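# Fold and contact review
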Amino acid sequence: MERNLLVIGATGKTGGRTTELLLRRGHRVRALVRGLDARAERLADLGADVVEGDVLDLDSLARAAKGIDALYFTYPIRPGLMDATVNVARAAEENGVQAIVNMSQISARRDTASNAARQHWVAERVLDRAPVPVTHIRPTFFAQWLVDTWADGTGELRLPFADGRHAPIAESDQAKVIAAILEDPAPHAGQIYPLHGAEELDHYEIAEKMSKALECQVTYVPVELDEFAAILHGRGARRTTSSSTCSPWPSTTATASSPAPTTW
């Protein structure tokens, strides 16, 4: 059945993938974007109803939610999550939206030392109180982040995770879950779904697997948070060249399922 669906953050990693998938399945998709850049133009070319607005602006969000059956809400890693969450709940209620799929994170809980994880847990509880059925997804480490980090050109994964373990998941796989819930949200109302890959590894093991897949050396280098923050700031202006001696994308002997990295 064709549905009217809203994707918030449609030019991000999971938002873009979800928009594309829903369009291929014949749904009418409204893509909320903050700016009409090349990524937004691409979604429009695919058939999305691209609207410019901001989840922190209730009026623009309410306009985007008009006539919508269900929506996907994701918010980038920056301040404003709680304001955005309240706006989504209000806009959905005002417009009779039937379901919300909310991206949280796998570590979301009340008693965490991470402010971001605690905020996601509180945001979940805020949406639970809204008169709109909600499904929370809690993804773990995005597999794409490995490529983003390694593609800096050093051949190294410089990450602040010490010997922590993850089961990374691709944004394309997350999009399949998100799209399935948006298409038939009733069975998933009130549920919390952890999303992760098939195998939990530390980053030394992840680097080893990347080395084999890419046929060149990938090395995991644990770094402190201050250094990692500096890396992220330096990555703000997207690189146009890379000094790496091999591509972050598989060669003709393998297949790649993801396009060049975009923002979340």
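Here's a quick rundown of the structure. (Residues numbered from 1 in each chain as written. Predicted model: local features only at pLDDT ≥ 70, side-chain atom pairs only at ≥ 80, totals over all residues. Heavy atoms only, no water.)

## Comments concerning the sheet that holds strand β6 (residues 134-139)
Reading across the sheet, the 7 strands line up as β3-β2-β1-β4-β5-β6-β9 and stay open at both edges, with parallel pairing between neighbours. This sheet does not close on itself; its edge strands, each paired only once, are β3 (49-52) and β9 (192-195). When strand polarity is set aside, the average angle formed by the axes of neighbouring strands in this sheet is 20 degrees. Bridging between strand β2 (residues 28-33) and β3 involves 4 bridges; their strand directions are parallel. Considered in β3, the bridge of Leu32 is made with Val51. Here helix α5 (residues 115-128) sits on the sheet in contact with β4 (70-73), β5 (99-103), β6 and β9, set at roughly 165 degrees to β6. (Pairing = 2+ DSSP bridges. Helix = DSSP H or I, 4+ residues; strand = E, 2+ residues; numbered from the N terminus. Axes fitted to C-alpha atoms, helices over the stretch in contact; angles between N-to-C directions. Contact = heavy atoms within 4.5 Å.)

## Focus: the side chain of Thr135
Relative to the helices and strands, Thr135 is located in strand β6. Residue classification places Thr135 among the buried residues on the basis of a relative accessible area of 2%. Polar contacts involving the side chain of Thr135 include one to the main-chain carbonyl oxygen of His188, which spans 2.7 Å. Residues within four places of Thr135 in sequence aside, it is in contact with Ile100, Val101, Asn102, Ile181, His188, Ala189, Gln191 and Tyr193. (Buried < 20%, exposed > 50% of the residue type's maximum accessible area, 1.4 Å probe, protein only. Polar contact = N/O pair within 3.5 Å; in protein donor to acceptor, adjacent residues only side chain to side chain.)

The values are spatial; any link to function lies outside them.
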